[in-house]
Amino acid sequence: MARAYNFSPGPAALPEAVLRQAQAEMLEFGDAGASIVELSHRGPEFLEVARQTEADLRTLLAIPDDYAVVFTAGGATTIQALLPLNFAAPGQAVDYVLTGHWGKTAWKQARPVADARIAASSEAGGFRDLPPRAEWTLSPDAAYVHVTANETIHGVEFRDIPDVGDVPLIADFSSSIASEPLDISRFGAIYAGAQKNLGPVGIAVLIVRRDLLARSGQPRAPIFDYRAQLEAESMLNTPPSWNWYMLGLTVRWMLGQGGVAAFAERNARKAALLYAAIDESGGFYRNDVAPAARSRMNVPFFLHDEALNEAFLADARAAGLVSLKGHRVLGGMRASIYNAMPEAGVQALADFMRDFQGRHG
């Protein structure tokens, strides 16, 4: 079987070594006589998987002891809806900085239950840049400030952690978690859907400063209360155990590859390769994002003639390069080059792009 280079934005490519280990352990986990997906989440086998996964994630991301880790079902969008319920008092303001589709989605998720304010937005410019920090209008009484660290669709990324004073900063790191070292102590909380850099779709991770969990928040069911989830070790109800196990395998693989410092170097090289293929094309390809705000993880680009789009995608698939069609919000193309994407895959894409230009330019 020949595996293609998969540039999907999510569910995204998983490391081949992780898939092979999962395949080998699918029928029987250790000597349990059953697959991990069949075993009770209360049993010793899965409890050890859960314990080891959190320990490895703490090592990978250098998570401080005063931060709790909660593994949740429902993805990052569900976390977005629960943030104001857990961390904002009734009627309290929450500030959102909108830098793309997912930042706007996070704001929409908060609106039904909180005074969700737009502190800054780059929508007027097509989400092609980050709004300058000096132009943010922050509420002094806000429960938190929310940013989207990396916009999967628009290809915009914060390269520096913004200073928001004493108000807790909460960030969606779904598309860039574990892609480089991160000072988590600068945040009140970070969260991520797993299906990009951490594992398969179906599970998400919330890393939250423990003092924020002491907030009363708003009336909510226990299943939506992160304090209750933490007390139950993320097992208030039956968790997505297979996805949790796969997340653990992926985190262990990243540690074995040298951790976030090693991936930061690889990701910088991969992004440079791909942006060079775009920028050196003489306009045949273009990326509209301000260079200082360009994402290292998600690279949207457009051909100078949209009539070539279908030929580009068909030829790319024939060359073993798949999932390059852009999101319907933007159109064009998009290459997601998360940690699991090897440098050879990005080099193959850059070479293909130059060859395609030579045949159609």
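What counts and how
Residues numbered from 1 in each chain as written. Predicted model: local features only at pLDDT ≥ 70, side-chain atom pairs only at ≥ 80, totals over all residues. Heavy atoms only, no water. Pairing = 2+ DSSP bridges. Helix = DSSP H or I, 4+ residues; strand = E, 2+ residues; numbered from the N terminus. Axes fitted to C-alpha atoms, helices over the stretch in contact; angles between N-to-C directions. Contact = heavy atoms within 4.5 Å. Patch = residues over 30% accessible without salt bridge, like charges linked within 9 Å, V, L, I, M, F, W, Y side chains within 5 Å. Areas by Shrake-Rupley, 256 points an atom, 1.4 Å probe, with all protein chains shown as cover. Salt bridge = Lys/Arg side-chain N within 4 Å of Asp/Glu carboxyl O. Buried < 20%, exposed > 50% of the residue type's maximum accessible area, 1.4 Å probe, protein only. Core = buried A, V, L, I, M, F, W, Y, C linked by side-chain atoms within 4.5 Å.

(A) Expanded view of the sheet that holds strand 10 (residues 204–209). Read from one edge of the open sheet, seven strands run 2-10-9-8-5-3-4, paired in mixed fashion. Looking at strand neighbours, the two that pair on one side only are strand 2 (67–72) and strand 4 (115–121), the edges of this open sheet. Ignoring which end each strand starts from, the neighbouring axes of this sheet average 20° apart. Summarising the sheet, strand 5 (residues 145–148) and strand 8 (residues 169–172) pair through four bridges and their orientation is parallel. Bridge pairing in strand 8 places Thr 148 opposite Asp 172. Sheet contacts for helix 2 (residues 44–61): strand 2 and strand 10; angle to strand 2, the most-contacted strand, approximately 125°. On the sheet, helix 4 (residues 101–110) packs against strand 3 (93–98), strand 4, strand 5 and strand 9 (189–193) and is oriented at approximately 160° with respect to strand 3.

(B) The arrangement of the sheet that holds strand 12 (residues 298–303) in detail. Strand order across the open sheet formed by three strands is 11-12-14, with antiparallel pairing between neighbours. In the strand order of this sheet, the two ends are held by strand 11 (285–286) and strand 14 (333–336), each with one partner. When strand 12 meets strand 14, the two strands line up antiparallel, connected through four bridges. Note on strand 14: the bridge partner recorded for Asn 298 is Ser 336. Most of the contacts of helix 7 (residues 259–279) go to strand 12, to which it runs at about 15°, and overall it touches strand 11, strand 12 and strand 14.

(C) Geometry of a nonpolar patch on the surface. Taken together, the side chains of Ile 223, Phe 224 and Leu 236 make up a nonpolar region of the molecular surface, amounting to roughly 230 Å² of accessible area. Inspection of the secondary structure puts Phe 224 in the loop between strand 10 and helix 5 (226–231). Overall, the relative accessible area of 39% leaves Phe 224 in the partly exposed class.

(D) Representation of the nonpolar core. Counting residues in hydrophobic clusters, the biggest one holds 57 residues, and the most contacted among them are Leu 57, Leu 61, Leu 198 and Ile 207. Tallying contributions element by element places helix 6 (residues 241–256) first for this core, with eight residues. Residues contacting Ile 207, with those up to four places away along its chain left out, are Leu 61, Ile 63, Tyr 67, Ala 68, Val 69, Ile 184, Gly 188, Ala 189 and Ile 190. Ranked by size, the runner-up nonpolar core spans 29 residues in total, among them Leu 83, Phe 87, Leu 98 and Ala 106.

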